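Results of the structural survey
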Amino acid sequence: MKILYGVQGTGNGHITRARAMAEAFRQFPDVSVQWLFSGRPPEKLFAMEAFGEYWWREGLTFVHQEGKINQIATARQLNVSRLLKDIRELPVQDFDLVISDFEPVTAWAAKKRKHPSLGLGHQYAFNFAIPTPRFGWTARAIMKMFAPVQMSLGMHWHHFGHPILPPIAEPHGQSGLEQLDHVLVYLPFEHAEPLLHQLAQLPHSFIVYGLPTALPAADNIVLKAPSVEGFRRDVATSRAVICNSGFELIAETLTLGKPILSRPLKGQFEQEANAMALQKLQLATVVDQMDAVTIGKWLQGQPRGVHIDWPDVAATLVQWIADGRSESPQQLSSRLWAGVAPDRTGTRRKTTPETRPAPPVQDIDGIKGSEGT
């Protein structure tokens, strides 16, 4: 079987999910996969060894600025003629199946030629009645048109009574590491300098990814460049995680039972819907802005995480694909969700002297917040 697998490159969640799928496909030598990535300049892709000689197309993406979608800049960077040309020239006929992780070039090329296509990813969960914001009807329509497929399997932190699959998320062998005192911060869409100013006011140690490492930072802040293994290690050893409301990082953080403080990207339908789900499921603390007061009060409250052992979704999906996809989405969903239950006791988190919580915030009234973050 020959598969063309398209992956949306915006953010790192889609690529993280693809790495797990690539590892699972290696167990099936009779299945060959050609990977295609779009939505991010090729020079900004990193740690791509798992995908061999992958293809790249410009595709579609959204422009983020200071914590929200910039609609004007998004429209300006859209190269419609290039997109149509890439769709028209993509040789989908050379493959038995096209898989799209919300990647538009492969999805539309298969649709135009009526070629077998399968959608795998979080965004396809929005085909069902799950928690979404009120403004979502337009955004939902856009999502349906972004990467249309013949059959789709959406993923979420809960099935909400629909044939939705659990996330492709694993602790990657990091769950046994000792917990340290730092808080992991991944807010790549925030205004960097105001965010660092807010973190500098707090008596906690922060490891920050997603911001330029050349920026000046206070002594309690370490800025780190993108690194798959380094990031996983720092998440696993953190005492808490602060992030936007993206899907994959939160799913992986739940495997480790870390407390999560999350702010959705304003105007981004998926993230605002994710924030609603987090609140409904009581998996994280969701806030409207990230400033010193908000973060300080949250850490002062000694938050506890929720631990969830997700099944091996990637291996199950690859086996299902190799076997001809005969099992229905309902059967597949029921089988994968069997036995999945959140652990809210906090007993899986170590409480040795070396992993004791950082001291509580002192004089919280003297810390200045900011509406700019």
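In the block above lies the structure referred to throughout.
Residues numbered from 1 in each chain as written. Predicted model: local features only at pLDDT ≥ 70, side-chain atom pairs only at ≥ 80, totals over all residues. Heavy atoms only, no water.

**Things to note about the overall build of the protein chain**
Spelled out, the test is: Numbered from the N terminus, helices here are DSSP runs of H or I no shorter than four residues, and strands are runs of E no shorter than two. Relative accessibility under 20% of the residue-type maximum defines a buried residue, over 50% an exposed one, and the middle range a partly exposed one, all with a 1.4 Å probe and only protein chains included. The accessible surface values rely on the Shrake-Rupley method and a 1.4 Å probe; as for residues, cover is taken only from the protein chains in view.
Counting secondary structure elements, the protein chain contains 12 helices and 14 strands. Residues counted as buried form 53% of the 373 residues belonging to the protein chain. Of the roughly 16,900 Å² of accessible surface on the protein chain, 52% is carried by carbon and sulfur atoms.

**Some thoughts on the packing of helix α3 (residues 80-89) against helix α4 (residues 104-112)**
Keep this limit in mind: Lines fitted to the C-alpha atoms define the axes, with helices restricted to the stretch that makes contact. Angles between their N-to-C directions range from 0 to 180 degrees. Geometric relationships in this document are graded by angle, where less than 35 degrees denotes roughly parallel, more than 145 denotes roughly antiparallel, 65 to 115 denotes roughly perpendicular, and other angles denote oblique. Note: crossing handedness is left-handed where the near helix turns anticlockwise from the far helix by less than a right angle, and right-handed where it turns clockwise. Note on contacts: a residue pair qualifies if any of its non-hydrogen atoms lie within 4.5 Å across the two residues. For this classification, the nonpolar set comprises Ala, Val, Leu, Ile, Met, Phe, Trp, Tyr, Cys and Pro, the charged set comprises Asp, Glu, Lys and Arg, and every other residue, Gly included, is treated as polar.
Orientation of α3 relative to α4, taken along the N-to-C sense of each, is 55 degrees, at an axis distance of 8 Å. Accordingly, the angle class assigned to the pair α3 and α4 is oblique. Seen along the crossing, α3 lies across α4 with a hand that is right-handed. Each of Leu-83, Asp-86 and Ile-87 in α3 lies in contact with α4, whose residues at this interface are Val-105, Trp-108, Ala-109 and Lys-112. Class assignment of the residues belonging to the contact of α3 with α4 gives a composition of 5 nonpolar, no polar and 2 charged.

**Observations concerning the sheet that holds strand β8 (residues 151-154)**
The following threshold applies: Pairing between strands is defined by DSSP: at least two bridges between them are needed.
If you walk across this open sheet you meet the 6 strands as β3-β2-β1-β6-β7-β8, and the pairing is parallel. In this open sheet, the two strands that pair with only one neighbour each are β3 (55-56) and β8. Direction of pairing for strand β7 (residues 117-121) relative to β8: parallel, over a ladder of 4 bridges. If you follow Leu-120 over to β8, its bridge partner there is Leu-153. Helix-sheet contacts for α4 involve β1 (2-8), β2 (32-38), β6 (97-101) and β7, and the interaxial angle to β6 is about 140 degrees. Here helix α11 (residues 313-322) sits on the sheet and contacts β1, β6, β7 and β8; the angle it forms with β7, its principal contact strand, is near 175 degrees.

**Observations concerning the sheet that holds strand β10 (residues 206-209)**
The 6 strands are arranged β11-β10-β9-β12-β13-β14 in an open sheet whose pairing can be described as parallel. In this open sheet, the two edge strands, each paired with only one partner strand, are β11 (221-224) and β14 (285-286). As paired strands, β10 and β11 are joined by 4 bridges and run parallel to one another. For Tyr-209, the partnering residue across the bridge sits in β11 and is Lys-224. Relative to β11, helix α6 (residues 192-200) is tilted by about 145 degrees, and along the sheet it contacts β9 (183-186), β10 and β11.

**Quick look at α6**
Quick reminder of the rule: Throughout, the arc means that of the directions going from the helix axis to the C-beta atoms.
Residues of α6 that are buried: Ala-192, Leu-195, Leu-196, Gln-198 and Leu-199. An end-on view of α6 places all buried positions within 160 degrees of arc, on one side of the element. Against β9, β10, β11 and α10 (292-300) lie the buried residues of α6.

**As for the packing of aromatic side chains**
Keep this limit in mind: To pair, rings of Phe, Tyr and Trp, with the six-membered ring standing in for Trp, must have centres within 6.5 Å; the planes then decide the type, stacked if under 30 degrees apart, edge-to-face if over 60, and tilted in the middle. In this analysis the charged atom, NZ for Lys or CZ for Arg, is taken to sit over a ring once it is within 6 Å of the ring centre and within 35 degrees of the ring normal.
Taken as a whole and judged by the stated rule, the model has 14 aromatic pairs. Seen in terms of ring centroids, Tyr-209 and Phe-231 are 4.9 Å apart; in terms of plane orientation they differ by 85 degrees. Their pairing is edge-to-face. In this pair, Tyr-209 sits in strand β10 while Phe-231 sits in helix α7 (residues 228-237), placing the two residues 22 residues apart along the sequence. Since its relative accessible area comes to 3%, Tyr-209 is described here as buried. Overall, the relative accessible area of 17% leaves Phe-231 in the buried class. Through successive ring pairs, a cluster of aromatic residues spans Tyr-5, Phe-25, Trp-35, Phe-37, Phe-51 and Tyr-54. In this structure, Lys-2 packs its charged tip against the face of Phe-95, placed 5.4 Å from the ring centre.

**A word on the side chain of His-115**
The test is simple: Two N or O atoms count as a polar contact when they lie within 3.5 Å, although within protein this holds only if one can serve as hydrogen donor and the other as acceptor, and sequence-adjacent residues are included solely when both atoms are side-chain atoms.
Residue position: His-115 is located in the loop between α4 and β7. A distance of 3.1 Å separates a polar atom in the side chain of His-115 from the backbone oxygen of Val-92. Here Phe-95 takes part through its backbone oxygen, which lies 2.5 Å from a polar atom of the side chain of His-115. Discounting residues that sit within four places of it in the chain, His-115 has contacts with Val-92, Gln-93, Phe-95, Asp-96, Leu-97, Val-98, Ala-110 and Gln-150.

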